[in-house]
Amino acid sequence: MSSEIYNMVIDRNARLVKVENSGDYFLFTFESPEISRLARPGQFLMVKVSTGVQPLLRRPISIHNAENSILQIFFQVAGEGTRLLSLKKPGDTLDLLGPLGTGFSIKPEFSGRLIFCVGGGRGIAPLYFLARKLNEAGATPVIFYGGRTAADVPLKTHLESAGLETLTSTDDGSLGFHGLVTSLVEKELAARKPAFLFACGPEAMMERLAEICQQKRIPGEFSLESIMGCGFGACWGCVRKIRRNGRTGYLKVCQEGPVFPLEQIVWQEDENG
Amino acid sequence: MVDLSVDLGFLKLKNPVLAASGTFGYGLEFKPFYNLELLGGFVVKGLYFNPREGNKPPRLVETPSGLINSIGLQGIGVEAFCREILPQLADLDTAVIANVCGEDEDEYARVAEYLSRHNGLAALELNISCPNVREGGRCPAQNPEATYRTVKKVKQVTSIPVITKLSPNVTDITSVARAAEEAGSQAISLINTILALAVDPETRRPKLGNVMGGLSGPAIKPVALRMVFQVSRAVKVPVIGMGGITSATDVVEFMITGAAAVQVGTANFVDPDACLRIIQGLEDWARSHGVERISELTGSLKI
C-alpha cells in the first residue's frame, strides 16, 4: 500500500480525566496523546456519545485545547447527543475520531500584530487554542466573548487567568458590555484595528461580522457549524455554499472547513438570490 | 481456517463484505483508516455523466437508530472520476465497483459506456433507486418496465458485469427484481434507502432542505431483510443485501436470509473502520459456529 501519512486517528480509549461544568456548558479534558499531538486550532473531533446505535452518529465538537497529550473540548448541551455526552464521568473512556477539518491559518505575518478572536456562546470553544497559538507566534490576540446572559460566558475567568485579553458582552447586560458582541467589536474598532479577525458563533453574529470586516477592510476567517454525518468527507452531508476561485458551489464543511475565509462564505439569506 | 470467500458467478470476492455506494466516498477517503484490500470490495459514490451540485442543505437528519439523507448525488461526474480517481483504485486487489446514475435511460448507458473504456472496475452497480434526485422520490426502480429498459440499455454498451440496485419504495419488489434479471443483470443489490420525512414541530418546516430524503441505518434492517428474503426467492442471480448492517451478526442474518454478499453503508460514517471490524467479526463468528465456508450460510433460513 501507499506510504502516505495521514493526520487523523481513531482513539477508542481516550480517557476522560476531568469534567468542569457550568449550567449547560461542559469542559472535558481527555488524555489522548496522538490526537493531541496532531491537533491544530480550529479543528474538531467526532465524538461517539453512545456505545449502541442510538443516537447513531458521532457528534462534531470543536477542539478547545491540545497540549502535552491532553485534549480538551468545550460544548453546550444542545440535544440528546450532547446530553448523553455530558453524563460522562472522569475515568470513562471515549471513542474520539480526529483531529478533523481545516483549521484557522496562523500566518507568520501575524507576528507583532493585533488579532481579534470573536466567539459567541459555545462558539468560544476553538478560540482559546487559537489565541494561545497566536501568542506563541508573536501576535497579540484579543478575545471577544459574547453571550445572552452571564451564564452563557462561563469561560471568561478561564481565558483571563490564561493571560488572554478578554472582552465580554451579554445581551442582557448582566456581565461586561451590554449588547451584542458585534457591537462590542465595532466599539473597539473605533480605538484599534486588528490585522485579522477570527470568529466562531451563531450565524447572525458571523454574518454581521462579515459586513463589519468588509466595511473596514479587515481580512478574516470564520468557523462554521453544520450537521455532520461522518466528519471526514465521505457522506457529503455537511455542505455549505462557498464562493471560491470564481465559482459558487457546495463544499464540505468537514474537510474544506469548518474554517473558511470570510469572503468565501455565502450567507443563508443570499442563497436563494 | 475459515473460508470467507464468496463466488457471485461473474465475480469472486475474498469476503462477502462490500462498502456501499454513497457511504464510502470514492474509496480514497477511507485509506487513512485501513488497507482497502482487506475488503470484499467497495462501491464508489454514484456517478452521473456530468458533475452535480446536489441538494440544498440541510441534507441530514438523525432519527431513532437511523439517518435520513438528501445529498442528491453531488459528485464529480464520470470523466473526472476516470481521470483522477480510478487510476488510484485500479490496482487495488479488491473488487472496485462503480455506481452508475442517470437522469434518463440514455445517461445510464452513456456513463456505463464511458466507464467500460477504462480498466479496473469489477462491476457496475446501476443506481436506479435513489430517492433524492427527482420530485417525490421517483426512480426507474419503481417500475418493472423502466427497470428492464434501463438495464437492457446498459447491458448493450458494456461487457462489465452489471448489478442492479433496487428501491424499497415499491409495492412489489419481486417484479422489479425479475425485470432486472430478465434484462441481463447479473446480480441484484438491495435495499436503497426508504423514502422518509422529518418535521420540526416548532418551525413546522421539514428538517431537510429537499423536504423528503432516504432513511438508512439500523432502523431499516428488518425491512431490508424482508425484501432480501422475497427477492432471493424470486430470482436466480445472486442477491447482495444491505440495510442497517453494523455488525458481523447482521451480515450472518442477511446471508441466512438469502444474500450471497452484503454491503455496509451508514455504519461507515460512525466507524470509519466498520467494514474491517465486521469482516474480522465474521471470521470469529464462523469459527465459533463451526462454519468452514461462509458461503454455506446463503439461503439457509429454516422456515
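Residues numbered from 1 in each chain as written. Chains lettered and ligands numbered in written order. Predicted model: local features only at pLDDT ≥ 70, side-chain atom pairs only at ≥ 80, totals over all residues.

## Looking at the overall build of chain B
Tallying secondary structure elements over chain B gives eight helices and 16 strands in all. If you line up chain B on its principal axes, its C-alpha atoms span 55 × 50 × 40 Å. Relative to its 303 residues, chain B shows a buried fraction of 60%. Considering only contacts in chain B between residues 6 or more positions apart, those separated by 24 or more positions represent 72%. (Helix = DSSP H or I, 4+ residues; strand = E, 2+ residues; numbered from the N terminus. Buried ≥ 20, exposed ≤ 12 C-beta atoms within 10 Å, placed from the backbone. Contact = placed C-beta atoms within 7 Å.)

## With respect to the pairing of strand β7 (residues 114-120) of chain A
Residues and elements named next belong to chain A. For β7, a buried count of six out of seven residues is recorded, marking the element as mostly surrounded by other parts of the structure. Bridge analysis of β7 against strand β8 (residues 140-147) gives seven bridges, and the strand direction is parallel. Residue pairing across strands places V118 opposite F144, the latter belonging to β8. As for the winding sense of the linkage, the β-α-β connection from β7 through helix α3 (residues 127-136) to β8 is right-handed. Relative to strand β11 (residues 196-200), β7 runs parallel, the two being bridged by five bridges. Residue pairing in the sheet places C117 in a bridge with F198 of β11. (Pairing = 2+ DSSP bridges. Right-handed = clockwise from strand over helix to strand, strands pointing away.)

## Remarks on the domain arrangement of chain A
All names here are of chain A. Domain parsing of chain A yields domain 1 (9-100), domain 2 (104-223) and domain 3 (225-273). Relative placement of domain 1 and domain 3: their C-alpha centres are 24 Å apart. Domain 1 puts eight residues into the contact, and the matching count from domain 3 is seven residues. Among the secondary structure elements, those contributing two or more residues to the side of domain 1 that touches domain 3 are β3 (44-47) and β6 (93-100). Classifying every residue of the side of domain 1 that touches domain 3 by side-chain character gives six nonpolar, one polar and one charged. (Domains from an automatic or database assignment. Nonpolar A, V, L, I, M, F, W, Y, C, P; charged D, E, K, R; others polar.)

## Regarding the environment of F44 of chain A
Residue and element names in this part refer to chain A. Counting through the fold element by element, F44 comes out in strand β3. On the basis of neighbour counts, which here come to 29 C-beta atoms within 10 Å, the residue F44 falls in the buried class. Put simply, F44 and I61 are 17 residues apart on the chain and 5.5 Å apart in space, counted from C-alpha to C-alpha. Sequence-distant contacts of F44, that is, excluding residues within four places in its chain, are made with P60, I61, S62, I63, G98, L100, G101 and P258.

## Description of unusual backbone geometry
All names here are of chain A. The omega torsion of the bond from Q54 to P55 falls at -10°, within 30 degrees of zero and hence cis. Structurally, the position occupied by P55 is in the loop between β3 and β4 (59-67). Here the amide bond leading from G257 into P258 is cis, since omega sits at 10°, within 30 degrees of zero. With a phi angle near 75°, S69 is a residue other than glycine that sits in the positive phi range. Counting through the fold element by element, S69 comes out in the loop between β4 and β5 (70-76).

## Thoughts on the sheet that holds β4 of chain A
Residue and element names in this part refer to chain A. Taken in spatial order, the six strands close into a barrel running β1-β2-β5-β4-β3-β6, and their pairing is antiparallel. If you compare each strand with its neighbour and ignore which way they point, the axes differ by 45° on average. One ladder, built from seven bridges, connects strand β2 (residues 25-31) with β5; its direction is antiparallel. Paired with F30 across the two strands is L71, which belongs to β5. (Axes fitted to C-alpha atoms, helices over the stretch in contact; angles between N-to-C directions.)

## Describing the packing of helix α2 (residues 105-116) of chain B against helix α3 (residues 144-157) of chain B
Residues and elements named next belong to chain B. Closest axis-to-axis distance for the α2/α3 pair is 8 Å, and the angle between their directions is 30°. When the axis of α2 is compared with that of α3, the two are roughly parallel. As for the relative orientation of α2 and α3, their crossing is right-handed in sense. On α3, the residues that touch E105, Y108, A109, A112, E113 and S116 of α2 are R149, T150, K153, V154 and V157. (Parallel < 35°, antiparallel > 145°, perpendicular 65-115°, else oblique. Left-handed = near helix turned anticlockwise from the far one by under 90°.)

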